[in-house]
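The primary structure of each chain is shown beneath.
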Amino acid sequence: MEPAAKTTPEPSGGRMARYSGEVVYIYAFDVAYDLSRKPITELLGRPVAQFVVDSSKRSPRHLFFYKPQMVRLPPLERIGPHGPVRVERVVKILPVGAISITIRVPFSVAKVEDLVDYHDLEFSNGVLQEEVRHLAEELRRELAPYFVRPVPHLAPEEAYTVFCIQSPLTSGEGKPLSCEKWLAGQRREVASLLTQEPDIDHLSKQEAEESTHRYLSYYENDLVVVDWDAALIIDEPGHFDETLYVMELANLQLAELEAYDRILDDALERSYRDLSGQRARTRRDILRELRDIRIDLARFNDELSNITKFFGDWHLARIYENVCARFHLADWHGSINRKLGTLDDIYQLLKQDQDTRWMLILECTIVLLFIIDLIMLFLGLKK
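The text that follows walks through the structure, step by step, so that each part is easy to find. All values reported here derive from a predicted model rather than from experimental measurement.

Turning our attention to the overall build of the chain. A tally of helices and strands in the chain yields eight helices and 15 strands. Buried positions account for 48% of the 383 residues belonging to the chain. Here the analysis covers contacts within the chain between residues at least 6 apart in sequence; of these, 75% occur between residues at least 24 apart. Accessible area of the chain: about 20,400 Å², with a carbon and sulfur share of 54%.

Locating lysine 92 in the fold gives a position in strand β7 (residues 83–94). On the basis of relative accessibility, which here comes to 5%, the residue lysine 92 falls in the buried class. Among the polar contacts listed, one links the side chain of lysine 92 to the side chain of glutamate 248, at a separation of 3.1 Å. Leaving out residues up to four positions away in the same chain, lysine 92 has contacts with Phe51, Pro68, Gln69, Met70, Ala98, Ile99, Ser100, Thr102, Tyr245 and Glu248.

For the rest of this paragraph, the subject is empty space enclosed by the protein. Under the criterion given, the structure shown has one cavity of 30 Å³ or more. The residue makeup of the lining of the largest cavity, split by class, is four nonpolar, no polar and five charged.

What describes two packed helices is the angle between their axes and the distance between those same axes. Two numbers describe how helix α3 (residues 187–195) lies on helix α4 (residues 205–212): the axes approach to 8 Å, and their chain directions differ by 70 degrees. With respect to α4, the element α3 is oriented roughly perpendicular. Residues Arg187, Arg188, Val190, Ala191, Leu194 and Thr195 of α3 pack against Lys205, Glu207, Ala208, Glu209, Ser211 and Thr212 of α4.

Moving on to the environment of threonine 170. Mapping threonine 170 onto the fold places it in the loop between β12 (158–166) and α2 (179–185). Residue threonine 170 is classed as partly exposed on the basis of its relative accessible area of 29%. Between the C-alpha atoms of threonine 170 and tyrosine 19, which are 151 residues apart in sequence, the distance is 9.7 Å.

Within β12, seven of the nine residues are buried, leaving the element largely enclosed by the surrounding structure. By the bridge criterion, eight bridges tie strand β1 (residues 19–30) to β12 in an arrangement that is antiparallel. Within β12, the position partnered with glutamate 22 by the bridge is cysteine 164. Pairing of β12 with strand β15 (residues 230–235), which is carried by six bridges, proceeds in the parallel orientation. In the sheet register, isoleucine 165 faces β15, and the bridge partner there is isoleucine 234.

Attention now goes to the pattern of salt bridges. Scanning all chains against the criterion turns up 12 salt bridges. Residue arginine 104 pairs with aspartate 241 through a salt bridge whose shortest N-O separation is 2.8 Å. With arginine 104 in strand β8 (residues 98–109) and aspartate 241 in helix α5 (residues 240–275), this pair connects stretches of sequence that are 137 residues apart. The shortest N-O distance in the salt bridge between glutamate 137 and arginine 140 comes to 3.4 Å.

Right, let's talk about the layout of surface pockets for a bit. The calculated volume of the largest pocket comes to roughly 560 Å³. Among the elements of the structure, β2 (32–35), β11 (147–150), α5 and α6 (283–306) are those that each provide at least two residues to the lining of the largest pocket. Residue composition of the lining of the largest pocket, by class: 12 nonpolar, one polar and nine charged. Of the voids in this model, the second largest pocket is the one considered here, and its volume is about 340 Å³. Along the wall of the second largest pocket there are 20 residues; nearest its centre are Phe51, Met70, Arg72, Val90 and Lys92. Mapped by element, the contributors of at least two residues to the lining of the second largest pocket are β1, β4 (46–47), β6 (69–80), β7, β8 and α5. Its residues assigned to classes, the lining of the second largest pocket comprises 11 nonpolar, one polar and eight charged.

Turning next to the sheet that holds β8. One open sheet accounts for nine strands, arranged β5-β6-β7-β8-β1-β12-β15-β14-β13; its pairing is mixed. Among the strands making up the open sheet, the edge pair consists of β5 (49–50) and β13 (215–216). Strand direction decides the pairing type here: β7 and β8, joined by seven bridges, are antiparallel. Its bridge partner being in β8, glutamate 88 is matched across the sheet by arginine 104. Along the sheet, α3 contacts β12, β13, β14 (223–226) and β15; its crossing angle with β15, the most-contacted strand, is approximately 130 degrees.

Rules used in this analysis
Residues numbered from 1 in each chain as written. Predicted model: local features only at pLDDT ≥ 70, side-chain atom pairs only at ≥ 80, totals over all residues. Heavy atoms only, no water. Helix = DSSP H or I, 4+ residues; strand = E, 2+ residues; numbered from the N terminus. Buried < 20%, exposed > 50% of the residue type's maximum accessible area, 1.4 Å probe, protein only. Contact = heavy atoms within 4.5 Å. Areas by Shrake-Rupley, 256 points an atom, 1.4 Å probe, with all protein chains shown as cover. Polar contact = N/O pair within 3.5 Å; in protein donor to acceptor, adjacent residues only side chain to side chain. 1 Å grid on protein atoms, 1.4 Å probe; cavity = no way out; pocket = protein on both sides within 12 Å on 5 of 7 lines; lining within 4 Å. Points joined across faces, edges and corners; volume = space filled by probe spheres on them. Nonpolar A, V, L, I, M, F, W, Y, C, P; charged D, E, K, R; others polar. Axes fitted to C-alpha atoms, helices over the stretch in contact; angles between N-to-C directions. Parallel < 35°, antiparallel > 145°, perpendicular 65-115°, else oblique. Pairing = 2+ DSSP bridges. Salt bridge = Lys/Arg side-chain N within 4 Å of Asp/Glu carboxyl O.

Laid out in structure tokens, this is it:
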């Protein structure tokens, strides 16, 4: 008798038969210094409602999410990389003078690598990024009456792409797969997806490890992998929203930090120019601008902290910390604080110089009055 053929056991991180879910594109735009507190009831012909996060089984009873105003726009029918898709659009309006646009595009692919085509998504009639920017311009025009010190022109958006795969993962034979074990077996494929690298073979092991080492898992059937330009979420469809909202807030913070960094750069450049002798403004105007910037930054830090109050769920807090680390938000805060410190030094220098000038004028006035008094006494004009 011939010996029985050996069967190779399937690795614990084997491929799934098929991957289904949606790609969520998050775009943040800085549009104004602030928003007036007048209620917005309608936008682009749609009613404005308050954003609500659907609580999952791992959330506490009371969530401390900031709830911005939101508008759900009518879905669009488009032809995507793998056929017709239904594009869903949601707009959120935040009091820090920013808007966030999320686009959801469903997918069903055979391999993780097939999702690379969804990074810079192109439809048969145009590019998604151009459509989103056109939508942002429409929103900016309609929201203009509510803006306080609007931006002169729309700056480049801060974009983030999140690939949401539905769980539970199962092998081709229908066996359940642990998400962490699946990641161990598909690390290079996931890295190529997050880095937008179409050729997996050219991706080094070091880059694959670097792109996927920031991952978190709460249950066996959920996973979050965070990278700089994109993220991967594996979970039940009803539990995507919480994680997506945390990422959306971090992306919004990054956009606002970049906007204030540009404001500080412009203010520093003007201040250096004024101090170098090419002064086009009075010292009073310079001091007023520096004082206003200091007040603005204090308010900015307060507002930016308020929109990320979601304490109570440690898992979401861990996700937020990892996203912030990938976005280098601490470095942005440090850079802004250093520039603000430089502006503060310039303010103190100008204020001290102004005080010295006033003291000198005062002393000269006293001396002048004393000399006039002596002259009048000498000429006998004073009795």
